[in-house]
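What the coordinates show
Read off the chains here:
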Amino acid sequence: MKHELLTDMYEFSMANGYYQTLPHDKQARFDVFYRKAPDDGSFVISAGLMQVIDEVKNWHFSTDDIAYLRSLNHFSDDFLFYLTAAHNRCSIKAIPEGTPVFPQEPILSISGPLIDVQLLETLILNIINHQSLIATKAWQITSVTGGRPVMEFGARRAQGPDAAIYGARAAIIGGCSSTSNVLAAKLFNLPAVGTMAHAWIESFPDELTAFRAWAKIYPDNAALLVDTYDVVNSGVPNAIKVFKELRAAGHEPVGIRIDSGDIAQLATKARKMMDEAGFTNAKITASNALDAHIIKSLLDEGAPLDNFGIGERLITSSSSPVLSGVYKMSALENDGKWVPKIKISNSREKITLPGNKQVYRLYDKHDPQHAVADVIALADEQIGTEIAAINADVHVTWNKVILTDFIAKPLLKQVLTLGKAAPIETDTFAIQHFAQTELAQLPAAAKRLLNPDRFPVYLTKRLADLQQKLVDEAQK
Ligand SMILES: Nc1ncnc2c1ncn2[C@@H]1O[C@H](COP(=O)(O)OP(=O)(O)OP(=O)(O)O)[C@@H](O)[C@H]1O
Ligand SMILES: O=P(O)(O)OC[C@H]1O[C@H](OP(=O)(O)OP(=O)(O)O)[C@H](O)[C@@H]1O
Ligand SMILES: O=C(O)c1cccnc1
């Protein structure tokens, strides 16, 4: 579906107003960033850039869109005529998908005609906020499984089809290994996986007949759902009977899925029964409203689980269902010159960062696999061997530092220039691998699920001074 009209009415009202009052080609820059990570975490995994580029590259109002806008009797004809030509006039620099990003850091910075970039706010935030939220949630979950695969099972519980499709992609970026969502698997070249539902078992006269029927059709993919009637007294014994028949016919069974009850106790009993029957390689998959905390508790209890299938709490990020990323103007062009812009707030932490910026990740010069801090700088600043910086966290008391002994890596990359896209990584598993490499470089304390340490993020002195100057000017 085309998404040009997926924007808030006030964006159109402003765009029409800009058209009536300002030069039509007036350029503006907006930054996307967030202030608070979900679940009181310390970072967010950026995701959604591929879709944003696609949307912005192909952003073009159809005759039908214009006719609808005209029917609202709210916009001038010349503005609507102008909109018909709105196409390929924006440029974007962005932090690659899969990068852990911290509060205040521009994840994406878009420049172009004020009218265009204003109209794009809602769609860009919708995409980045959703996919980054789910990628981050998937990271939380997969970070506690000790490498055991997590299948994304959430399509039925996602808030609508798009949330299921792009949520599945984001879940893979965050660390899931596969999805049950066939459309997402097709679109993003992901493994489409699954077991069976209780309906399969209920469709046969008894459980054993149901298992046998399945094993006959899928002899090499027999993952049997054992909790329809009674896991210990019926499900597992019946599964073992069918496993024996499969093995006699030269096939190795995959295992079982437990979807209710006390998963730790049931899995422990099932493991013992399968081992005693000689099926030590048969895997146990757990599902049923799982999340990172339940999985951690199950594994701490010693539950012998091999795989997880996770739906609702992953695809909706139900424990923390909103990422409040924002889109703020950082510069406006005036007579051909860029003028930095700021939004002031009573709360110091909500004052925006003006100007065209770059984000650097600093690595320990003597241990370059370890990221030690991020620095937000003005884009035209030279980063030498020393940086005079101020902590971006306004609550830090001793906030002035001189950073030394680092290797600096710029994070924002040019990905779209006047509608022309530069190559970016689009393979979902390559993005997942990139995310894991980047995450491995962060301090362990910043990755705790409970009360993580804040990763230090600094502003260069020049950027902090510019911000202060604009605050002072606004207060005059
Ligand atoms: N050993 C365990 N430790 C912690 N949490 C568990 C354990 N076993 C299961 N759970 C979780 O407890 C919750 C139990 O959910 P629920 O009350 O729906 O029970 P149920 O037995 O699965 O019921 P139903 O048959 O209706 O699905 C689920 O989120 C499940 O993942
Ligand atoms: O609990 P989630 O993390 O969302 O995981 C997906 C759930 O969806 C299925 O249950 P459902 O009751 O929808 O169907 P079923 O009984 O047919 O399996 C499945 O059995 C899981 O329990
Ligand atoms: O394949 C499965 O087991 C599955 C898929 C979606 C939801 N619940 C389970």
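Structural notes, computed from the coordinates. Counting of residues starts from 1 at the beginning of each chain's written sequence and follows it residue by residue. Chains carry letters and ligands carry numbers; both start at the beginning, A for chains and 1 for ligands, and go up in the order they are written. The predicted nature of this model means local features are confined to residues of pLDDT at least 70 and side-chain atom pairs, given and counted, to a pLDDT of 80 or more, with totals for whole chains, interfaces and linings taken over all residues. The basis for the side-chain values is all heavy atoms of the structure; hydrogens and waters are excluded.

The next point concerns the site of ligand 1. For ligand 1, the full set of nearby residues is Ser260, Gly261, Asp262, Ile263, Ala264, Asn288, Ala289, Leu290, Ile294, Leu298, Glu301 and Arg313. A distance of 2.9 Å separates an oxygen atom of ligand 1 from a polar atom in the backbone of Gly261. In this structure, Ile263 approaches ligand 1 through a main-chain N or O atom, which is 2.9 Å from a nitrogen atom. Isolated, ligand 1 exposes 640 Å² of accessible area, and the fraction of that covered by the protein chains is 54%. Put simply, DSSP marks the helices as runs of H or I at least four residues long and the strands as runs of E at least two long, and each gets a number from the N terminus on. Secondary structure elements with two or more residues in the shell around ligand 1: helix 12 (263–276) and helix 13 (292–300). Any residue with a heavy atom lying within 4 Å of a molecule or strand is counted as near it. Residues adjacent in sequence count toward polar contacts only when both atoms are side-chain atoms; beyond that, a polar contact is any pair of N or O atoms within 3.5 Å, and within protein one must be able to donate a hydrogen and the other to accept it. Reported accessibility uses the Shrake-Rupley method at a 1.4 Å probe radius. Residues are deemed covered only where the shown protein chains occlude them.

For two strands to pair, DSSP has to find at least two bridges joining them. Ordered by their spatial adjacency, seven strands build an open sheet running 13-12-1-5-3-19-20, and the pairing between neighbours is antiparallel. Two strands in the sheet have a free side with no partner beyond their single neighbour: strand 13 (337–340) and strand 20 (420–421). Here strand 1 (residues 27–33) pairs with strand 5 (residues 108–113) via six bridges, running antiparallel. Bridging across to strand 5, Phe30 finds its partner in Ile110. Along the sheet, helix 2 (residues 49–57) contacts strand 3 (91–94), strand 5, strand 19 (413–417) and strand 20; its crossing angle with strand 19, the most-contacted strand, is approximately 25°. The contact rule is simple, with two residues in contact once any of their heavy atoms fall within 4.5 Å. An axis is simply a line fitted to the C-alpha atoms; with a helix, the fit covers only the stretch in contact. Between two such axes, the angle follows the N-to-C directions and lies from 0 to 180 degrees. Strands strand 1, strand 5 and strand 12 (326–334) of the sheet are contacted by helix 6 (residues 121–142), whose axis makes an angle of about 140° with strand 12.

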